[in-house]
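Structural characterization, general
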Amino acid sequence: MNAVLYQVFPKVTGLFLLVAAAGVATAESMPERVEFNRHIRPILSNNCFFCHGPDSKTQEADLRLDQRIHAVAEHDGAAAIVPGNPDASALIQRILSEDPNSQMPPPESNRSLTAHEKALLQAWVAQGAEYQAHWAYIPPEYSPPTSIDSDWVVNPIDAYVLDNLTRQGLTPAEPADRVTLIRRLSFDLIGLPPTPAEVADFLNDTRDNAYERLVDRLLASPHFGERLAIYWLDLVRYADTVGYHGDQVRGAAPYRDYVIAAFNDNMPFDQFTREQLAGDLLESPTQEQRIATAYNRLNMVTREGGAQDKDYLIRYAADRTRTTASVWLGSSLGCAQCHDHKFDPFTLKDFYRFSAFFADINEKGVQNEGGNEGPFPPYLRFPTEEQAQQLAAIEADKARVNTQLAALAEGTPAPSGEGESSPPDPDELKKELRKLTQAQFRLDQNTFHVVVTETMEPQVTRVLPRGNWMDESGEIVGPAVPEFLGGLWMNGDRPTRLDLAAWITDPKNPLTARTFVNRLWKLYFGTGISKVLDDLGSQGEWPTHPELLDHLALEFMESGWDIKHVVKHLVMSNTYRQSSMASPTLKERDPYNRLLARQSRFRLEAELVRDNALRVSGLLSTAMGGPSAKPYQPAGYYRELNFPTREYEPDTGENLYRRGVYTHWQRTFLHPSLIAFDAPTREECTAERPISNSPLQALVLLNDPSFVEAARVFAQRLLEEGGTTDDERIDFAYREALSRAPLTSERKIMQSLVDSNRAHFADAPEDATAFVNVGDSPVPESFDTVQLAAWSAVTRALFNTHEMIYRY
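Residues numbered from 1 in each chain as written. Predicted model: local features only at pLDDT ≥ 70, side-chain atom pairs only at ≥ 80, totals over all residues. Heavy atoms only, no water.

Points about the overall build of the protein chain
Within the protein chain one finds 33 helices and eight strands. Rg of the C-alpha trace for the protein chain: 31 Å, near the compact-globule value of 28 Å for 808 residues, within the 12% margin. Seen through its principal axes, the protein chain has C-alpha atoms that stretch 105 × 85 × 50 Å. Burial statistics for the protein chain: of 808 residues in total, 54% are counted as buried. Restricting the contact set of the protein chain to residue pairs at least 6 apart, pairs at least 24 apart contribute 71%. Total accessible area on the protein chain stands at roughly 34600 Å², and carbon and sulfur atoms take up 51% of it. (Helix = DSSP H or I, 4+ residues; strand = E, 2+ residues; numbered from the N terminus. Rg over C-alpha atoms; globule rule 2.2 N^0.38 Å. Buried < 20%, exposed > 50% of the residue type's maximum accessible area, 1.4 Å probe, protein only. Contact = heavy atoms within 4.5 Å. Areas by Shrake-Rupley, 256 points an atom, 1.4 Å probe, with all protein chains shown as cover.)

With respect to the domain arrangement of the protein chain
Considered domain by domain, the protein chain is made up of domain 1 (36-131), domain 2 (176-220), domain 3 (397-445) and domain 4 (703-807). For domain 1 versus domain 3, the distance between C-alpha centres works out to 75 Å. (Domains from an automatic or database assignment.)

Describing the nonpolar core
As a rule of thumb, soluble globular proteins bury nonpolar side chains together. By size, the foremost hydrophobic cluster in this structure holds 180 residues, and its most contacted members are Leu189, Trp232, Tyr255 and Tyr524. Tallying contributions element by element places helix α28 (residues 705-721) first for this core, with nine residues. Shared between two domains, this core holds at least three residues of each, these being domain 2 (176-220) and domain 4 (703-807). Formed by 26 residues, the second largest nonpolar core is a distinct cluster that contains Val34, Phe49, Ile81 and Leu113. (Core = buried A, V, L, I, M, F, W, Y, C linked by side-chain atoms within 4.5 Å.)

Here we look at helix α27 (residues 695-703)
Buried within α27 are the following residues: Gln697, Val700 and Leu701. Across the axial projection of α27, the buried residues extend over an arc of 95 degrees, all falling on one side. Set apart from the buried face of α27 by more than 90 degrees, the exposed residues are Pro695 and Leu696. On its buried face, α27 is in contact with β7 (602-603), α25 (606-617), α26 (672-676), α28, α32 (785-799) and α33 (802-805). (Arc of directions from axis to C-beta.)

Structural notes on the packing of aromatic side chains
Per the stated rule, a full pass over the model turns up 33 aromatic pairs. Seen in terms of ring centroids, Tyr244 and Tyr312 are 5.6 Å apart; in terms of plane orientation they differ by 90 degrees. Their pairing is edge-to-face. Placement of Tyr244 in the loop between α12 (223-235) and α13 (253-264) and of Tyr312 in helix α16 (residues 309-329) is noted, with a sequence separation of 68 residues between them. When its relative accessible area of 22% is taken as the criterion, Tyr244 is described as partly exposed. Judged by relative accessible area, which is 8%, Tyr312 ranks as buried. Members of the aromatic cluster, each reached through a chain of ring pairs, are Trp232, Tyr255, Tyr258, Phe263, Phe269, Phe272, Tyr295, Trp328, Phe516, Phe556 and Trp561. (Phe/Tyr/Trp six-rings, centres within 6.5 Å; stacked < 30°, edge-to-face > 60°.)

Some words on the pattern of salt bridges
Scanning the model with the defined rule gives 41 salt bridges in all. Among the salt bridges present, the one from Asp257 reaches Arg256, with a minimum N-O distance of 2.9 Å. Take Asp257 and Arg256: they sit in the same class, and that class is buried. Glu432 serves as the salt-bridge partner of Arg400, at 2.7 Å between the closest nitrogen and oxygen. (Salt bridge = Lys/Arg side-chain N within 4 Å of Asp/Glu carboxyl O.)

Some remarks on unusual backbone geometry
With omega at -10 degrees, the peptide bond leading from Met104 into Pro105 counts as cis. Note the cis peptide between Phe643 and Pro644, where omega equals 0 degrees. By secondary structure assignment, the location of Pro644 is in the loop between α25 and α26. Not every positive phi belongs to a glycine, and Asn266 is a case in point at roughly 55 degrees. Positionally, Asn266 belongs in the loop between α13 and α14 (269-278).

Details of the packing of helix α30 (residues 744-763) against α32
In a pair of packed helices, the angle between the axes and the distance between the axes together describe the arrangement. Relative to each other, α30 and α32 sit at 140 degrees, their axes nearing to 8 Å. As judged from the angle between their axes, α30 and α32 are oblique. Judged by the sense of rotation from one axis to the other, the crossing of α30 with α32 is right-handed. Side by side, α30 and α32 meet where Met750, Leu753, Val754, Asn757, Arg758, Phe761 and Ala762 of the first sit next to Val786, Gln787, Ala789, Ala790, Trp791, Ala793, Val794, Ala797 and Leu798 of the second. For the contact of α30 with α32, the per-class residue count stands at 13 nonpolar, two polar and one charged. (Axes fitted to C-alpha atoms, helices over the stretch in contact; angles between N-to-C directions. Parallel < 35°, antiparallel > 145°, perpendicular 65-115°, else oblique. Left-handed = near helix turned anticlockwise from the far one by under 90°. Nonpolar A, V, L, I, M, F, W, Y, C, P; charged D, E, K, R; others polar.)

Some points on the environment of His75
Structurally, His75 can be placed in strand β1 (residues 74-75). Along the backbone, His75 and Asp62 are 13 residues apart, and their C-alpha atoms lie at a distance of 8.5 Å. Apart from residues no more than four positions distant in its own chain, His75 is found in contact with Ala61, Asp62, Leu63 and His70.

Side note on α28
Relative to the 24 Å expected for 17 residues at 1.5 Å per residue, α28 spans 24 Å between its end C-alpha atoms, a close match to the ideal helical length. The element α28 is extensively covered by neighbouring structure, given that 14 of its 17 residues are classed as buried. The N-cap of α28, judged by a side-chain oxygen 2.8 Å from the amide nitrogen of Ser706 a few residues on, is Asp704. Looking one or two places after α28, you find Gly723, whose phi comes out positive at around 100 degrees. (Expected span 1.5 Å × (residues − 1). Polar contact = N/O pair within 3.5 Å; in protein donor to acceptor, adjacent residues only side chain to side chain.)

Side note on the state of the cysteines
Following the criterion strictly, the structure yields zero disulfides and no others. No disulfide involves Cys51; its nearest neighbouring cysteine sulfur is the one of Cys48, lying 8.9 Å away. Classification of Cys51 as partly exposed rests on a relative accessible area of 31%. Left without a disulfide partner, Cys685 is nearest to the cysteine sulfur of Cys335, which lies 13 Å away. (Disulfide = S-S within 2.5 Å.)

Some remarks on the packing of helix α8 (residues 156-167) against helix α22 (residues 546-558)
At their nearest, the axes of α8 and α22 sit 9 Å apart, and the two run at 170 degrees to each other. Between α8 and α22, the crossing angle belongs to the class labelled roughly antiparallel. Here Pro156, Ile157, Tyr160 and Val161 of α8 come into contact with α22, specifically with Glu547, Leu548, His551 and Leu552. Partitioning the contact of α8 with α22 into residue classes produces six nonpolar, one polar and one charged.

In structure tokens form, the structure reads like this:
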């Protein structure tokens, strides 16, 4: 074995051969050619760049390892890397050293290299230590797959996946059965389960294009936009409240509705980008384009007394910089707010030049106009007819009072108001004006409205040393994109947010398309092709299928930034249509399904867990748009909220049963069931929600009033529509909830459950009454309360099954 390895890497000596002899790095695990991007950059980024990377302020020993020109340069007669000669390379000597005074990484860093990583570094130096530009900063290139003649391949996605599986000695899984497939597609594309009738139609459709017809139907559903909007709203940190201090309500819901409509209308992604970043700068912007600019105003803002206006203006600008770079570029530009990025080529100056694009946004740092209950101007109002009349009356009264005050100030007789017999008192007029202003603010706050972007003369933007807002010694900068990505618009007219949007969606930009299609892949396969969704930089992950990622990025751009086209491309592949069942061998070889020899299974998002229960029960409201909905919530949950204090009042009627995407998003006190199922507070951009599995989730499904009520209403359907026998009702419950018939073992369990609950509630009818009266939906008088409570226990158990909350 050693002789073979020595022939492959003839100049590699020392530890590498020892490692190979020990079986740690065998010929199979060592690549024939070591590549910088794939093999070496992750090692250096994780272990070396912090002290020997792009940040000039923290470079130890004046050594920089992220660029070849510096790494091979001699320092005091020695070079960190001597291409072709590992023995003469200080880097190799240091990583092999057992002396703690010279060992790298130093022991106090709590970092260490594995034997395999050391072997890779030795082999790479032996092969010439060739560097590559970071993969994400190189424009996507088309690399044709080789497995195009396989019967399994229906589009290029399958060819790229099959190429890799063949190299690994693996084969794709069997296709998923049709029931699994329609449930998977329905959850993925519209976030709702299929009805039994839809399942039957698909099962009975024998046409060759039956699957494609199903895909097209779901893509055309208005629920498609609601499903995809959940992910986008996480990215852009959408919420109904401001987050800081009193966490007051701020109008944002029309922006959410804009996003849903944009996805449903298949708005091109470049237009979608332009309208959000700079809709106000378009010629004669429409109302929808102005609403889109709420993106720039979704950051957290404060009304706290004593807060410094300048401090918070800089915080808001920094937030927009971080968020925009994360959302569209998949980059951690925020790490350069206080110093040059330690791992990627972003500089401190890059951060503030990017921030300068947003310096023309008209806003206050501390928004205390109108007290704790007023809106956050500028904004657009959408009043009802009654509210419009009230606002008009207030405006008229304010105009009258202001006229009277102006007349008194000029020393002319002030016109008396209607019914007034004597000249008005100026103090009384001012008091009246304050009351009118407060009334207007209160009415505005209750009027459907949305914060928007209005432009002004750009504020001065300085580079802030260490991010210190009080240090004005830094250079004044204008808007520009990161220099290593093009450095556009350094001369001539001041670039605007429109220019920024154009650069972001320029086909020459290597990041935008990759970032978006990588996240789409995550939605439909469970994990991104590059796993770290918010960082395609050095601290991210080398893509498992880089040629596939580039293919998808090119497909997206060449389609005219057509989102539905890419989604259809993904779900039409045989890769998507595989079974998610894994053999023991495959689980051991690829536990996280990175090779894609099967589909993935994962829990539904928080909003969809509740949507699913409401849909199955028959309670779900499909009303779209409008003010955010307030479902049931524990009493007293807002007791710690102040400025102002407030009580949560759940909605009534249909609003109680609206989809989760419309739920009121209180940043500091997010709805408890959303928290339990890992929804983010959206204080910052969230590119990936964690997926936890905790007892709290089972308790939510068992005890949250929304789920208890849904289970009871579902039980009503069993008794009304599910037949007359227990077997028929159990069959009905499984068909409606899980799209299949129960197994014999499941039927026995459910029969035992309904029998035991019948006996319990017959002995305790008051418990049955209390149980079935949870929630606002009425219980028909014709129902036997004991029977209804017993079957509600069955449906509640069904709601707690994995199949109910997982996508397979």
